[in-house]
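# Descriptive analysis of the structure
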Amino acid sequence: MAENQVNTQAAEAPKKPKKEASPATQALRKVVSDVYAAAWKAKEEGRPVGWSSSKFPAEICETLGLAVVYPENQAAGIAAQHDGERMCQIAEDMGFDADICGYARISLACAAGAVTTNESRRVPLPDFVICCNNICNCMTKWYENICRMNNIPLIMIDVPYNNHVTVDDSYVEYIKGQFNDAIKQLEVISGNKWDEKRFKEVCDNANRCAKAWLKVCDYCQYKPSPMSGFDLFNHMADVVTARVKPEAAEAFEMLAAELEEHVKNGTSTLPFEEKYRIMFEGIPCWPDLKALFKPLKANGLNVTAVVYAPAFGFVYDDMDSLVRAYCKAPNSICIEQGVDWREGICRDNKVDGVLVHYNRSCKPWSGYMPEMQRRFNKDLGVPVAGFDGDQADPRNFNAAQYETRVQGLVEAMEQNKANKEAK
């Protein structure tokens, strides 16, 4: 009886109130909500709504006044709210293999009319689809199937894989020709004519947003960092869905100002003392963010370097440099540039170790990670640990394995530190 009373009292204990989000975070949340609301409004008014891959040039649709949402962002949000497994299973029951990308399976379920329990990530069915395969070739078949399901047009931009560090002029001309053709098709879909003046305004907004976003990312270089790298993951939706919106640029500038105040005051959004600094390589396991964060917090590990977040900082001067910017997705560049990019971030952000996510949903990204791991260890002189997971399907993540790998990384960093101090 006494035990029951204790349990009842524990159950009735008041919950600790959630810390109120900062003004910048609230502004960024509103920006994303406004993008979704604009899509629903367009649908209600009979205007076309598009579904776009995250690295399709958003500047084009914004110039033509088209409402666009992003299936990758939608899928990540659904997964983070723990409805990813059910949506993946719906796609598998439709005949899609469990081995393909979790984002794709969630999106294909949505495209077929399945309704997610996450109300904030419900979007209207598309009237057209736009896709850029600079992310991966899975995108091609994924978006083709969305079009077949809904009998709608697909506009596809082919971005060839680049085996060189620089982007050849022939690549630029090839891709620019596709951009121009996409503009003509989208003029028909939107009923609006292309306006160079409006395009320049949109590009100015996009550049302002990208620069503010990259400035936010750079604050992880401070030691101790004024934020957790998980804060950057939490803002991925903002930079994906709204990077052409002036409101997003303003909100990121506000966020940078907040981080500057943290630096001045010696404070941080990190809820624990920073003992070690690590790079988190890859896309987070959105369904398991708490499980990812828990052993990091327990061991004082702060994620101060990520490649996924700054990858959306597209900065350019004109159409040619815009094309070159969109050629620089993590999966469309050669391994030499990929290594240099990551190692530069690790050096700038002063990491003590690297944690690699072998993502079942992103095989192009994970495929060359063993070689990346070898190079990180050799070039940076830091220990590297890897774990298996998935960006959207929780069935592919094992918390016990992850905790073991994190503990192994901690022990290796401690030994590395002791060896340096002994010299």
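In this section: the sheet that holds strand S5 (residues 276-281). Taking strand neighbours across the sheet as the criterion, the four strands line up as S6-S5-S7-S8 in an open arrangement whose pairing is parallel. Because the sheet does not close on itself, it has two edges, and the strands there are strand S6 (301-306) and strand S8 (384-389). Taking the axes of each pair of neighbouring strands and ignoring which way they run, one obtains an average angle of 30 degrees across the sheet. Direction of pairing for S5 relative to strand S7 (residues 353-359): parallel, over a ladder of four bridges. Each residue of the ladder has a partner; that of Glu-281, found in S7, is Val-356. Sitting on the sheet, helix H15 (residues 335-348) touches S5, S6 and S7, and the angle it makes with S5 is about 160 degrees.

Grouped together as the largest cluster of nonpolar side chains are 143 residues, with contacts concentrated most on Tyr-103 and Leu-355. If one sorts the elements of this core by residue count, helix H9 (residues 196-218) sits on top with nine residues. With residues up to four places along the chain from it excluded, the contact list for Tyr-103 reads Glu-72, Ala-75, Ala-76, Trp-142, Ile-283, Trp-286, Tyr-308, Gln-391 and Ala-392.

The relative placement of two packed helices comes down to the angle between their axes together with the axis-to-axis distance. Taken N-terminus to C-terminus, the directions of helix H13 (residues 289-299) and helix H18 (residues 399-422) make an angle of 30 degrees; their axes are 10 Å apart at the nearest point. Taken as axis vectors, H13 and H18 run roughly parallel relative to one another. Crossing handedness for the pair H13 and H18: right-handed. Packed against H13, whose contacting residues are Ala-291, Leu-292, Pro-295, Leu-296 and Asn-299, the element H18 presents Tyr-402, Glu-403, Val-406, Gln-407 and Val-410 at the interface. The residue inventory of the contact of H13 with H18, partitioned by class, reads seven nonpolar, two polar and one charged.

It is worth spelling out the environment of Cys-285 at this point. Inspection of the secondary structure assignment puts Cys-285 in the loop between S5 and H13. Linking Cys-285 and Asn-359, residues 74 residues apart in sequence, is a C-alpha distance of 8.3 Å.

A few words now on the confidence of the model for the chain. Across the chain, the average pLDDT comes to 92, with 96% of residues at or above 70. The low-confidence segment residues 1-14, where pLDDT is below 50, has zero contacts with residues more than four positions distant or belonging to other chains.

The topology assignment puts Arg-375 in helix H17 (residues 369-380). Judged by relative accessible area, which is 17%, Arg-375 ranks as buried. Arg-375 has contacts with Ile-335, Glu-336, Val-339, Glu-343 and Leu-380, leaving out every residue within four places of it along the chain.

The full count for this structure, using the stated rule, is 17 aromatic pairs. Taking 5.6 Å as the distance between ring centres and 20 degrees as the angle between the ring planes, the aromatic pair formed by Tyr-219 and Tyr-222 counts as stacked. For Tyr-219, a relative accessible area of 5% gives the class buried. Here a set of aromatic residues connected by ring pairs shows up, and it is made of Phe-230, Phe-233, Phe-272, Phe-280, Trp-286, Phe-293, Phe-387, Phe-397 and Tyr-402. Geometry around Phe-312 places Lys-55 over its ring, the cationic atom sitting 3.5 Å from the centre.

Cut-offs and rules
Residues numbered from 1 in each chain as written. Predicted model: local features only at pLDDT ≥ 70, side-chain atom pairs only at ≥ 80, totals over all residues. Heavy atoms only, no water. Pairing = 2+ DSSP bridges. Helix = DSSP H or I, 4+ residues; strand = E, 2+ residues; numbered from the N terminus. Axes fitted to C-alpha atoms, helices over the stretch in contact; angles between N-to-C directions. Contact = heavy atoms within 4.5 Å. Core = buried A, V, L, I, M, F, W, Y, C linked by side-chain atoms within 4.5 Å. Buried < 20%, exposed > 50% of the residue type's maximum accessible area, 1.4 Å probe, protein only. Parallel < 35°, antiparallel > 145°, perpendicular 65-115°, else oblique. Left-handed = near helix turned anticlockwise from the far one by under 90°. Nonpolar A, V, L, I, M, F, W, Y, C, P; charged D, E, K, R; others polar. pLDDT = per-residue confidence, 0-100. Phe/Tyr/Trp six-rings, centres within 6.5 Å; stacked < 30°, edge-to-face > 60°. Lys NZ or Arg CZ within 6 Å of the ring centre and 35° of its normal.

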